[in-house]
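Chains, contacts and geometry: an overview
The chain contents come next:
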Amino acid sequence: MLESTTPKMLHWSLIVSALGVCVAVLGGYCGWSLFPNMVHKKVEQSVILADGSEQYKRFVNLPQPLNFKVYIFNVTNPDMIQHGAIPIVEEIGPYVYKQYRHKKVKHFSRDGSKITYVQNVHFDFDADASAPYTQDDRIVALNMHMNAFLQVFEREITDIFQGFANRLNSRLNRTPGVRILKRLMERIRGKPPFSWVHGILISIIEDVKSVLQISENDPGLALLLVHLNANLKAVFNDPRSMFVHTSVREYLFDGVRFCINPQGIAKAICNQIKESGSKTIREQSDGSLAFSFFGHKNGSGHDVYEVHTGKGDPMKVLEIQKLDDSHNLQVWLNASTEGETSVCNQINGTDASSYPPFRQRGDSMYIFSADICRSVQLFYQADIQYEGIPGYRYSIGENFINDIGPEHDNECFCVDKLANVIKRKNGCLYAGALDLTTCLDAPVILTLPHMLGASNEYRKMIRGLNPDAKKHQTFVDVQSLTGTPLRGGKRVQFNMFLKSINRIGITENLTTVLMPAIWVEEGIQLNGEMVAFFKKKLINTLKALNIVHWAALCGGAGVALISLLYYLYQKGRGEEAPLK
């Protein structure tokens, strides 16, 4: 009976072993081919923006508000600065706001691959997250609107006379007599018999230059500057220094008022400021003006975005295609006189609310920030885990604001709009600073918080800065499969040069410094509700599929191995039996 059973057992052990191999092969196929392809297609379907889809609803209204944190550099020695001392600042904050974003969709393109919208932003002060700080805290901060006005006025006057000089030179160069003189100079230069003639021609040229110098020192210009200096009190509320004593609420959102009941020339100056169209200056109901950093952002948006929906190419989802009906910016210098778009004016990437899916280790991606008028490249840094969700960390590189200039092929960022400031001979600022004058229509300088990584030419002139890469570097953690941001923050600082301006008494003793005003962090950190939602929709499914994959692979392989060992064992016993 036992002898008849053994062949059957050997037969079934081979069958079970073969079945185990099949299950293992099937598990490997599912885990390394079928399941990834299924997940890939499912992710593609889920990230595409289609009218009425879940992704579309999340696109129109972000599921949770962003965290908007503001840190203010309170000035502790304003009176001493007025007499030439180096500024001492103290960081206060964060003042935390919840930033709500709602997109007002205008239309889809005919093929459904583009969507056009205007984004409305609303800020709510988060008292709990800000404690012990409140919006009523009193601060002493850089008088941004007065400093900006004085520097813009100085620049425009310089541009006017430079333009006059250029036009005069151009007209002289087109004059036949002048062209003949230049040719004659070229022929006789260096020839001894004609040295005296060359000297006479040089004196003629010097006389022409003196005409330009007289125009630049025109008494009318001096009178204009004197009148401006005399009316600063009426325009800017009788300032005692280049700093304003105000509240956080006014400085950031409600507005620091000026141009209150101006008369005469002061009224004309206020009208000019009003007509300049600065976004940070708003007219009040009583006719006065008010400056605030973010008041213009709190409410209806104006920029019109066109982004890719991902239809036809999910890797392009949410990438900005146009801003205000243009594929490129017209802010920075262009590459040639023919108007070829420079790298600085290119619009690349998303608005940082989400990213294209299927990220890979070692890759990079772009975000575009309208606040600073430029695209920013982010580079892979490391693998991360956030609340059990795996992802990749990305951060800015040296090409953000450190490596700028002709030696880095991006001199288009060197707009050279600032006179008598700390800058390189070629007009570019030193490392770690970017001139936003053409972006914001104000002489604002961008750095990282606390001037992290900035040249010592700037940092040595300010006391109270404490740069820390962990606190001040821009980063984002992204779920690699879907491109969903898990945690991160865009961190930048806004500064202005503080300097002496000719014939403006309040500035006459100032030491030229790059003066910090505020730094901001605009970030996200998925809350518990969104983490639970994300895990339920994706992570738990991926874990279940992974369990099936390895259970089938290991279980099948294990059964096959055990059955094969059993077969070999029984077969060996059968061969040994006759020897007994």
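The following paragraphs examine the structure supplied in this document. (Residues numbered from 1 in each chain as written. Predicted model: local features only at pLDDT ≥ 70, side-chain atom pairs only at ≥ 80, totals over all residues. Heavy atoms only, no water.)

**Digging into the overall build of the chain**
Each helix and strand in the chain was counted, giving 14 helices and 18 strands. Taken over 580 residues, the chain has a buried fraction of 45%. Counting only contacts in the chain whose residues sit at least 6 apart along the sequence, the fraction spanning at least 24 positions is 67%. For the chain, the accessible area works out to roughly 30100 Å², and carbon and sulfur atoms hold 55% of it. (Helix = DSSP H or I, 4+ residues; strand = E, 2+ residues; numbered from the N terminus. Buried < 20%, exposed > 50% of the residue type's maximum accessible area, 1.4 Å probe, protein only. Contact = heavy atoms within 4.5 Å. Areas by Shrake-Rupley, 256 points an atom, 1.4 Å probe, with all protein chains shown as cover.)

**Some remarks on the environment of Val 476**
Take Val 476: it is sitting in strand β16 (residues 475–478). The class of Val 476 is buried, set by a relative accessible area of 6%. Separated by 49 residues in the primary sequence, Val 476 and Gln 525 have C-alpha atoms spaced 9.8 Å apart. Those residues within four positions of Val 476 in sequence are excluded, and the remaining contacts are Tyr 355, Met 365, Leu 378, Tyr 392, Arg 393, Tyr 394, Pro 485, Arg 487 and Gly 488.

**A closer look at the sheet that holds strand β7 (residues 281–283)**
Within the open sheet, the 3 strands sit side by side as β6-β8-β7. Their pairing is antiparallel. Taken across any chain shown, the strands that pair with only one partner, and hence form the sheet edges, are β6 (256–258) and β7. Put simply, the sheet's adjacent strands are angled 30 degrees from each other on average, direction ignored. As paired elements, β7 and strand β8 (residues 289–291) share 3 bridges and run antiparallel to each other. In the strand pairing of β8, Arg 282 is matched with Ala 290. (Pairing = 2+ DSSP bridges. Axes fitted to C-alpha atoms, helices over the stretch in contact; angles between N-to-C directions.)

**Considerations on the nonpolar core**
One broad trend across soluble globular proteins is that nonpolar side chains are buried collectively. Tyr 251, Trp 332, Phe 494 and Ile 518 are the most contacted members of the largest nonpolar core, which totals 120 residues. Tallying contributions element by element places strand β18 (residues 513–525) first for this core, with 7 residues. Formed jointly, this core draws a minimum of three residues from each of two domains, domain 1 (65–143 + 297–526) and domain 2 (147–192 + 200–238 + 264–283). With near-sequence residues (within four places) excluded, Phe 494 lies in contact with Phe 293, Ile 372, Leu 436, Val 444, Ile 445, Leu 446, Pro 516, Ala 517, Ile 518 and Val 520. Membership of the second largest hydrophobic core comes to 8 residues, among which are Ile 384, Leu 486, Met 530 and Phe 534. (Core = buried A, V, L, I, M, F, W, Y, C linked by side-chain atoms within 4.5 Å. Domains from an automatic or database assignment.)

**With respect to empty space enclosed by the protein**
In this structure the tally under the stated criterion is 3 cavities of 30 Å³ or more. Approximately 80 Å³ is the volume found for the largest cavity. Around the largest cavity, the lining comprises 14 residues; the ones closest to its centre are Cys 414, Gly 427, Cys 428, Leu 429 and Asp 435. For the lining of the largest cavity, the per-class residue count stands at 9 nonpolar, 1 polar and 4 charged. Here the second largest cavity is characterised by a volume of approximately 50 Å³. Together, Gln 151, Glu 154, Arg 155, Lys 417, Leu 418, Ala 419, Pro 443 and Lys 499 line the second largest cavity. Among the residues making up the lining of the second largest cavity, the classes are represented as 3 nonpolar, 1 polar and 4 charged. The residues that make up the lining of the second largest cavity include at least three from each of domain 1 (65–143 + 297–526) and domain 2 (147–192 + 200–238 + 264–283). (1 Å grid on protein atoms, 1.4 Å probe; cavity = no way out; pocket = protein on both sides within 12 Å on 5 of 7 lines; lining within 4 Å. Points joined across faces, edges and corners; volume = space filled by probe spheres on them. Nonpolar A, V, L, I, M, F, W, Y, C, P; charged D, E, K, R; others polar.)

**Topic: the state of the cysteines**
For the structure shown, the criterion picks out 4 disulfides. There is a disulfide in this structure between Cys 344 and Cys 412, and the S-S distance comes to 1.9 Å. Disulfide Cys 344 to Cys 412: torsion about the S-S bond roughly 75 degrees, handedness right-handed. In this pair, Cys 344 sits in the loop between β10 (320–323) and β11 (364–369) while Cys 412 sits in the loop between β13 (389–396) and β14 (434–435), placing the two residues 68 residues apart along the sequence. Cys 412 matches Cys 344 in its accessibility class, with the two residues each being buried. Going through the chain in sequence order and numbering each bonded cysteine, the pairs you get are 1-2, 3-5, 4-8, 6-7. (Disulfide = S-S within 2.5 Å.)

**Re the packing of aromatic side chains**
Taken as a whole, this structure holds 22 aromatic pairs when the rule is applied. Arranged with centres 4.9 Å apart and planes meeting at 80 degrees, the rings of Trp 332 and Phe 413 form a pair that is edge-to-face. A residue pair is termed long-range when its members are at least 10 positions apart, and Trp 332 in the loop between β10 and β11 and Phe 413 in the loop between β13 and β14 qualify at 81 residues. Take Trp 332 and Phe 413: they sit in the same class, and that class is buried. Residues Tyr 458 and Phe 497 carry aromatic rings whose centres are separated by 6.0 Å and whose planes lie at 65 degrees to one another, so their mutual orientation is edge-to-face. Of this pair, Tyr 458 sits in helix α12 (residues 456–459) while Phe 497 is found in strand β17 (residues 485–498), placing the two residues 39 residues apart along the sequence. As far as burial versus exposure is concerned, Tyr 458 and Phe 497 are alike and both buried. Within the aromatic cluster, the residues linked to one another by ring pairs are Phe 68, Tyr 97, Phe 123, Phe 125, Tyr 251, Phe 253, Phe 291, Phe 293 and Phe 294. (Phe/Tyr/Trp six-rings, centres within 6.5 Å; stacked < 30°, edge-to-face > 60°.)

**What to know about the side chain of Arg 359**
Turning to its location among the elements, Arg 359 is positioned in the loop between β10 and β11. Given the relative accessible area of 9%, Arg 359 is considered buried. Of note is the side chain of Arg 359, whose polar atom sits 3.3 Å from the backbone oxygen of Ser 364. Sequence-distant contacts of Arg 359, that is, excluding residues within four places in its chain, are made with Ser 364, Met 365, Tyr 392, Tyr 394, Val 478 and Ser 480. (Polar contact = N/O pair within 3.5 Å; in protein donor to acceptor, adjacent residues only side chain to side chain.)

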